[in-house]
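Summary of the model geometry
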Amino acid sequence: MDISVIVPLYNEAESLPVLYEWIVRVMNENKFSYEVIFVNDGSTDESWDVIQKLKEDNSVHGICFRRNYGKSAALYCGFKAAKGDVVITMDADLQDSPDEIPELYRMIKEDGYDLVSGWKQKRYDNKLTKNLPSKLFNATARKVTGIQLHDMNCGLKAYRNEVVKNIEVFSEMHRYIPYLAKNAGFTKIGEKVVQHRKREFGVSKFGLNRFVNGYLDLMTLWFLNKFGKQPMHFFGLIGSLMFVLGFIAIVVVGALKLHALTTGVHAMLVANSPYFHLAILMMILGCMLFLAGFLGELIIRNSQSRNDYLIREII
């Protein structure tokens with residue numbers, strides 16, 4: 001099979017028939033063998049009824065969650081079910097154009113990309129609430145991940161099948177699928193300018209909180225990539241430095257007190273010195289961080305996935 005199209009959706013009943021007809025037209029014009037996987041993320045409208053009607057076509061597959069789990073969960077299940085050599089993801093709101101599919105497919109198959117992400121260079125969203133925060137978000141993501149994509153969170157993407165079978169999308173990590181792919185060893189990541197269309201039906205399902213959550217998730221992924229297998233290298237180092245600095249501070253405070261006693265100069269009690277309490281606090285925090293790293297190492301060493309490595313080829 002050439003292409004698997006995965007469409008995660010939540011309350012998009014009006015858009016689905018139009019989107020499906022558009023996808024079918026593009027596939028037939030280019031003579032692709034294909035499947036369309038609709039993942040209904042707990043919709044409360046008639047979305048699942050529409051998908052069941054579309055199921056009369058054997059190229060349609062549907063997955064229906066009992067409740068709303070989020071886009072990452074929908075993509076994870078869609079990736080597990082995908083059988084096509086190239087996997088295309090797109091949103092169900094008709095803001096992504098299926099006319100982009102042939103070129104995305106070509107970039108994967110002929111240019112050899114592992115992943116191609118869409119770039120909505122000209123957007124029709126609200127500039128204040130979406131465009132500006134999105135630019136700041138993407139600038140930060142480029143700096144942290146080292147992946148030079150203008151729109152990392154674009155829903156329109158193409159993947160080599162091997163990529164989607166070797167990454168795990170969870171929580172709200174769908175924003176950083178290119179980073180997950182890079183961490184898994186799929187480094188040939190490209191970008192294509194794609195058409196962005198105005199929403200025809202319904203309303204956006206994402207609020208401003210996605211930007212706050214996005215930054216937190218980015219920090220989580222960065223930490224897991226750097227220290228996920230060796231937590232002691234992070235917590236142990238910082239904890240040891242804090243303990244040593246606290247110990248040195250206590251020695252200095254004690255030495256100053258002894259010097260005052262030997263020279264007959266009046267000095268406050270060591271226990272009344274703020275520097276003494278700060279030094280003790282640093283030593284305690286240092287011990288706690290070191291123990292956090294030690295416990296993290298124990299957990300990692302007992303994890304079932306501690307020796308999971310992605311092998312590219314065996315000869």
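The structure contained in this document is the topic of the report that follows. (Residues numbered from 1 in each chain as written. Predicted model: local features only at pLDDT ≥ 70, side-chain atom pairs only at ≥ 80, totals over all residues. Heavy atoms only, no water.)

**Considering the overall build of the protein**
Looking only at helices and strands, the protein has ten helices and seven strands in total. Here the protein, with 315 residues, has 43% of them falling under the buried criterion. Surface accessibility of the protein: about 17500 Å² in total, with carbon and sulfur atoms responsible for 59%. (Helix = DSSP H or I, 4+ residues; strand = E, 2+ residues; numbered from the N terminus. Buried < 20%, exposed > 50% of the residue type's maximum accessible area, 1.4 Å probe, protein only. Areas by Shrake-Rupley, 256 points an atom, 1.4 Å probe, with all protein chains shown as cover.)

**Some thoughts on the packing of aromatic side chains**
Considering all chains together, one arrives at five aromatic pairs under this definition. Relative to Tyr-105, the ring of Phe-32 lies with its centre 4.8 Å away and its plane at 55°, an arrangement referred to as tilted. Highlighted residues: Phe-32 in the loop between helix H1 (16-29) and strand E2 (34-40) and Tyr-105 in helix H4 (residues 101-109), separated in sequence by 73 residues. Each member of the pair Phe-32 and Tyr-105 is classed as buried. The cationic tip of Lys-188 hangs over the ring face of Tyr-113; the distance from NZ or CZ to the ring centre is 5.4 Å. (Phe/Tyr/Trp six-rings, centres within 6.5 Å; stacked < 30°, edge-to-face > 60°. Lys NZ or Arg CZ within 6 Å of the ring centre and 35° of its normal.)

**Side note on a nonpolar patch on the surface**
Together, Phe-243, Val-244, Leu-245, Phe-247, Ile-248, Val-251, Val-252 and Leu-256 make up a nonpolar patch on the protein surface, roughly 710 Å² of accessible area in all. On the secondary structure map, Val-244 appears in helix H9 (residues 231-263). The partly exposed category is assigned to Val-244, whose relative accessible area is 43%. (Patch = residues over 30% accessible without salt bridge, like charges linked within 9 Å, V, L, I, M, F, W, Y side chains within 5 Å. Salt bridge = Lys/Arg side-chain N within 4 Å of Asp/Glu carboxyl O.)

**Focus: the pattern of salt bridges**
One pass over the structure, following the stated rule, counts ten salt bridges. The salt bridge partner of Arg-106 is Glu-110, with a shortest N-O separation of 3.8 Å. Linked through salt bridges whose partners overlap, the residues forming this network are Glu-103, Arg-106, Glu-110 and Asp-111.

**Focus on empty space enclosed by the protein**
In the structure shown here, the tally under the stated rule is one cavity of 30 Å³ or more. Size it by volume and the largest cavity reaches roughly 80 Å³. Lining of the largest cavity is provided by 13 residues; of these, Lys-71, Leu-75, Thr-89, Cys-154 and Gly-155 occupy positions nearest its centre. Contributions of two or more residues to the lining of the largest cavity are made by helix H3 (71-81) and strand E6 (157-160). Grouping the constituent residues of the lining of the largest cavity by class yields six nonpolar, four polar and three charged. (1 Å grid on protein atoms, 1.4 Å probe; cavity = no way out; pocket = protein on both sides within 12 Å on 5 of 7 lines; lining within 4 Å. Points joined across faces, edges and corners; volume = space filled by probe spheres on them. Nonpolar A, V, L, I, M, F, W, Y, C, P; charged D, E, K, R; others polar.)

**Thoughts on the pairing of strand E3 (residues 60-64)**
Where E2 meets E3, five bridges bridge the pair, whose relative direction is parallel. By the bridge assignment, Val-39 is partnered in E3 with Ile-63. After leaving E2, the chain enters helix H2 (residues 47-54) and then returns to the sheet as E3, a path that is right-handed. (Pairing = 2+ DSSP bridges. Right-handed = clockwise from strand over helix to strand, strands pointing away.)

**Here we look at the nonpolar core**
Of all hydrophobic cores here, the largest spans 36 residues; its most connected members are Ile-3, Val-5, Phe-38 and Ile-88. Every element with two or more residues in this core is listed here: strand E1 (3-9), H1, E2, H2, strand E4 (86-89) and H4. If one sorts the elements of this core by residue count, H1 sits on top with eight residues. Each residue touching Ile-3, except ones within four places of it in the same chain, is listed here: Met-27, Phe-32, Ser-33, Tyr-34, Glu-35, Gly-84, Val-86, Ile-88, Ile-101 and Tyr-105. (Core = buried A, V, L, I, M, F, W, Y, C linked by side-chain atoms within 4.5 Å. Contact = heavy atoms within 4.5 Å.)

**Remarks on unusual backbone geometry**
The bulk of non-glycine residues show a negative phi, and the bulk of peptide bonds are trans. Even without a glycine there, the phi angle at Lys-31 is positive, about 55°. With respect to the element layout, Lys-31 can be found in the loop between H1 and E2. The backbone of Leu-94 shows a phi angle near 70°, a positive value even though the residue is not glycine. Within the secondary structure layout, Leu-94 lies in the loop between E4 and H4. On the basis of relative accessible area, Leu-94 is assigned to the buried category, the value being 0%.

**Digging into the sheet that holds E1**
Read across the sheet, seven strands follow the order E3-E2-E1-E4-E6-E5-E7 without closing on themselves; strand pairing throughout is mixed. Looking at strand neighbours, the two that pair on one side only are E3 and strand E7 (189-193), the edges of this open sheet. Strand-to-strand twist of the sheet, defined as the mean angle between neighbouring strand axes without regard to direction, takes the value 20°. Relative to the sheet, H2 contacts E1, E2 and E3, its axis offset from that of E3 by approximately 155°. Strands in contact with H4 are E1, E4, strand E5 (115-119), E6 and E7; relative to E4, the strand with the most contacts, it is inclined by about 140°. (Axes fitted to C-alpha atoms, helices over the stretch in contact; angles between N-to-C directions.)

**A look at the side chain of Ser-43**
One can find Ser-43 in the loop between E2 and H2. A polar contact is formed between the side chain of Ser-43 and the backbone nitrogen of Asn-11, at a distance of 2.8 Å. A polar contact of 2.5 Å, which involves the side chain of Ser-43, links it to the side chain of Asn-40. If we skip the residues at most four places from it in the chain, Ser-43 touches Leu-9, Tyr-10 and Asn-11. (Polar contact = N/O pair within 3.5 Å; in protein donor to acceptor, adjacent residues only side chain to side chain.)

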